[in-house]
Amino acid sequence: MLKPATSLNHIAMPTNNTAETYRFYTKVMGFKLKSAVREERVPSTGDETPFLHTFFALEDGSCMAFFDIAGEQFAGRSDGVPSWIRHFAFNVETYEELLSWKARLEENGISVLGVIDHEGIWQSIYFFDPNGLRLELTWQKRELEPEDTAHGEELVRQWIEEFNQKDADEIAGDATPEGAEPQDRQPETAPA
Ligand SMILES: [Fe+2]
């Protein structure tokens, strides 16, 4: 049966300046440039748009990726969504590391918000990359337990009801994508 996607491969965002982006992600954040692709044409759409696509990897191999389009300046345009909503959060392993990262970022002239406590579970700092993307470094104090999930399901159910959103039963009752099997079920063995 169809298994849900396993992990994050990459998130792709626009950049106006690959030099600044490269410096920030490799020299400040310590990510590794994993790969880069240069094309004259967009493979998925066929548009003639010369671009450089860069991939900066975290330790687990997942990447922050960027597109720099030749001659285009579009990163950072506001669409009215508050700047705290869209952000990318990365794990650190200890609270001490979180504090060290705050200091390191500030030494690099980056202004840092926090440490902010979330629910007694996550301790986070927030800052912006050179493209205006909000980033979060977070230390998660403990594993999430079944009670956390049950609480989350209840909040989702209440929210949907309060704001009269559609498909409430489907969303709150079963988060498994249509056609997918829950992970704890054994896949059927295909006949040899
Ligand atoms: Fe967050």
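Structure: above.
Given the structure is predicted, the values throughout are model-derived calculations rather than measurements.

About the cut-offs
Residues numbered from 1 in each chain as written. Predicted model: local features only at pLDDT ≥ 70, side-chain atom pairs only at ≥ 80, totals over all residues. Helix = DSSP H or I, 4+ residues; strand = E, 2+ residues; numbered from the N terminus. Buried ≥ 20, exposed ≤ 12 C-beta atoms within 10 Å, placed from the backbone. Core = buried A, V, L, I, M, F, W, Y, C linked by C-beta atoms within 7 Å. Contact = placed C-beta atoms within 7 Å. Pairing = 2+ DSSP bridges. Axes fitted to C-alpha atoms, helices over the stretch in contact; angles between N-to-C directions.

Considering the overall build of the chain
Secondary structure assignment for the chain yields four helices and eight strands. In sequence order, the chain lays out its α and β elements as β-α-β-β-β-β-α-β-β-β-α-α. For the chain, the residues scored as buried account for 11% of the 192 residues in total.

What about the nonpolar core?
Core analysis: the biggest nonpolar cluster contains eight residues, these being Phe24, Tyr25, Phe55, Phe56, Cys63, Met64, Ala65 and Phe66. Listing elements by their share of this core, those giving two or more residues are α1 (18-28), β3 (51-57) and β4 (63-69). In terms of residue count, the dominant contributor to this core is β4 (four residues). Contacts of phenylalanine 56, omitting those with residues within four sequence positions, involve Tyr25, Thr26, Phe31, Lys32, Leu33, Lys34, Cys63 and Met64.

Digging into the sheet that holds β4
Strand order across the open sheet formed by four strands is β1-β4-β3-β2, with mixed pairing between neighbours. Because the sheet does not close on itself, it has two edges, and the strands there are β1 (10-14) and β2 (32-39). Taken pair by pair, the neighbouring strands of this sheet meet at an average axis angle of 20°, ignoring direction. Where β3 meets β4, seven bridges bridge the pair, whose relative direction is antiparallel. Across the sheet, residue phenylalanine 51 finds its bridge partner in β4, namely isoleucine 69. Each of β2, β3 and β4 is contacted by α1, which is oriented at about 5° to β3, the strand it contacts most.

Observations regarding the pairing of β3
Two strands pair when backbone bridges link them, and β2 and β3 are joined in this way by seven bridges, in the antiparallel orientation. In the strand pairing of β3, arginine 38 is matched with leucine 52. Taking the residues that link successive antiparallel strands as the turn, the β3-β4 hairpin has five residues, and the phi of glycine 61 there is positive, at about 95°.

Some words on the sheet that holds strand β8 (residues 134-140)
If you walk across this open sheet you meet the four strands as β5-β8-β7-β6, and the pairing is mixed. What marks the edges here is a single partner per strand, and that holds for β5 (87-91) and β6 (113-118). The mean angle between the axes of side-by-side strands here comes to 25°, regardless of whether they run parallel or antiparallel. By the bridge criterion, five bridges tie β5 to β8 in an arrangement that is parallel. In the sheet register, asparagine 91 faces β8, and the bridge partner there is threonine 138. Contacts from helix α2 (residues 95-107) reach β6, β7 (122-128) and β8, with the element oriented near 15° to β7.

Bear in mind that shape data such as this cannot, by itself, settle questions of function.
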